[in-house]
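Examining the three-dimensional arrangement
Below, each chain spelled out in residue letters.
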Amino acid sequence: MGGELRYEIGQNAYIKLILHTLKHKTSAVNGVLLGRVSGGDTKPVVEITDSVPLFHSQIGLLPPLEIALVQIEEYYDQQGLNIVGYYHANERFDDFELGTVAKNIGDHIYRYIPQAAVLLLDNKKLEALPKGKDRSPVMQLYTRDVSRSWKLVGSDGSSQVTIKEPSANIVLVDYISSGKWQDIIDFDDHLDDISKYEHKLLFSLFFHHLITYFCE
């Protein structure tokens, strides 16, 4: 009998996705989670080791998303990493629901990895972070259940997401106070300024396939 599936996110992936959402506070933002599944059948763990910021405008457009996912998968496969999930932040501060767009993108990723996670930013926990000593992630974890619906998990002690490094929230608060969120560049930013994106080869492949798609 298999063990309970757990999700563990590394500090780099965690901080990057939070800073991405802070850079575009008035917009919905999204990105993908990279990592691997380890532990075998007895102690399965989805290890999230990196995150790739995608978009902060028109995030529901399917063609750019599909092209981005293919290029990201091919690029990071050389590093032994796969897409293991998706992260999302809603446009409104007080919106704590996983919306249709996020669910649809989650469904798309689920086709390739049934252990896929969807992480939704919890703005209330993020806002309270500098005032307390909470070491838990400032996000909600969703997974697909047997009815093929995305279910909020963790409140009953199952399928919880934990941060690999206990000090991640302390580092995050320091990064926020020093304005590190300004350094985060997503695909939309790169479209505005082609010199910005960290992985220029990755974006060049994305842009080439995007132009090809719309010119066909």
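Going by an unreviewed UniProt entry, the protein carries the name MPN domain-containing protein and comes from Nyssa sinensis. Under the heading Sequence similarities (unreviewed entry), UniProt records this for the protein: "Belongs to the EMC8/EMC9 family."

It is worth spelling out the nonpolar core at this point. Grouped together as the largest cluster of nonpolar side chains are 58 residues, with contacts concentrated most on Ile 9, Tyr 14, Ile 18, Ile 72 and Ile 109. Among the elements that line this core, the one with the most residues is helix H1 (residues 11-23), at seven residues. Beyond its immediate stretch of four places on either side in the chain, Tyr 14 contacts Ile 9, Ser 136, Pro 137, Val 138, Met 139, Ile 163, Ala 168, Asn 169 and Leu 172.

An ideal rise of 1.5 Å per residue puts 22 Å on 16 residues; helix H2 (residues 62-77) measures up with 22 Å between its terminal C-alpha atoms. All of the buried residues in H2 are Pro 64, Leu 65, Ile 67, Ala 68, Leu 69, Gln 71, Ile 72, Tyr 75 and Tyr 76.

Another point: unusual backbone geometry. The phi angle at Arg 148 is positive, at roughly 65 degrees, despite the residue not being glycine. Arg 148 gets classed as exposed once you look at its relative accessible area, which sits at 65%.

Strand order across the open sheet formed by eight strands is E7-E6-E5-E4-E2-E3-E1-E8, with mixed pairing between neighbours. Here the strands that pair on one side only, and so sit at the sheet edges, are strand E7 (150-153) and strand E8 (161-163). On average, each strand axis in the sheet is inclined to that of its neighbour by 35 degrees, with strand direction left out of account. Where strand E2 (residues 29-38) lies against strand E4 (residues 82-89), seven bridges are found, and the strand directions are antiparallel. Paired with Gly 31 across the bridge in E4 is Tyr 87.

Our focus in this paragraph is the pairing of E2. By the criterion of burial, E2 is predominantly enclosed, with seven of the 10 residues buried. Here nine bridges tie E2 to strand E3 (residues 45-55), and the two strands are oriented antiparallel to one another. By the bridge assignment for E3, Arg 36 is matched with Glu 47. Hairpin connection from E2 to E3: six residues lie between these consecutive antiparallel strands, with Gly 39 at a positive phi of about 90 degrees.

Moving on: the pattern of salt bridges. Summed over all chains, the structure comprises four salt bridges. Across the pair Asp 94 and Arg 92 runs a salt bridge, and its minimum N-O distance is 3.2 Å. With a shortest N-O distance of 4.0 Å, Asp 134 and Lys 125 are connected by a salt bridge.

Now for the packing of aromatic side chains. Scanning all chains against the criterion turns up two aromatic pairs. Consider the rings of Tyr 75 and Tyr 76, whose centres lie 5.1 Å apart with planes at 75 degrees: the pair is edge-to-face. Across this residue pair, the class does not change: Tyr 75 and Tyr 76 are buried. The ring centre of Tyr 110 lies 3.8 Å from the NZ or CZ of Arg 144, which sits over that ring. If you follow Lys 180 out to its NZ or CZ, it ends over the ring of Tyr 175, 5.9 Å from the centre.

Our focus in this paragraph is the side chain of Asp 186. Summarising the element assignment, Asp 186 is placed in the loop between helix H5 (168-177) and helix H6 (187-192). No salt bridge is formed by the buried Asp 186; the nearest opposite charge belongs to Lys 23, separated by 6.5 Å. In this structure the side chain of Asp 186 is engaged in a polar contact, spanning 2.7 Å, whose partner is the side chain of His 56.

The rules behind the values
- Residues numbered from 1 in each chain as written.
- Predicted model: local features only at pLDDT ≥ 70, side-chain atom pairs only at ≥ 80, totals over all residues.
- Heavy atoms only, no water.
- UniProt positions renumbered as here; feature names shortened; annotations may be inferred.
- Core = buried A, V, L, I, M, F, W, Y, C linked by side-chain atoms within 4.5 Å.
- Buried < 20%, exposed > 50% of the residue type's maximum accessible area, 1.4 Å probe, protein only.
- Helix = DSSP H or I, 4+ residues; strand = E, 2+ residues; numbered from the N terminus.
- Contact = heavy atoms within 4.5 Å.
- Expected span 1.5 Å × (residues − 1).
- Pairing = 2+ DSSP bridges.
- Axes fitted to C-alpha atoms, helices over the stretch in contact; angles between N-to-C directions.
- Salt bridge = Lys/Arg side-chain N within 4 Å of Asp/Glu carboxyl O.
- Phe/Tyr/Trp six-rings, centres within 6.5 Å; stacked < 30°, edge-to-face > 60°.
- Lys NZ or Arg CZ within 6 Å of the ring centre and 35° of its normal.
- Lys, Arg positive; Asp, Glu negative; His and termini not counted.
- Polar contact = N/O pair within 3.5 Å; in protein donor to acceptor, adjacent residues only side chain to side chain.

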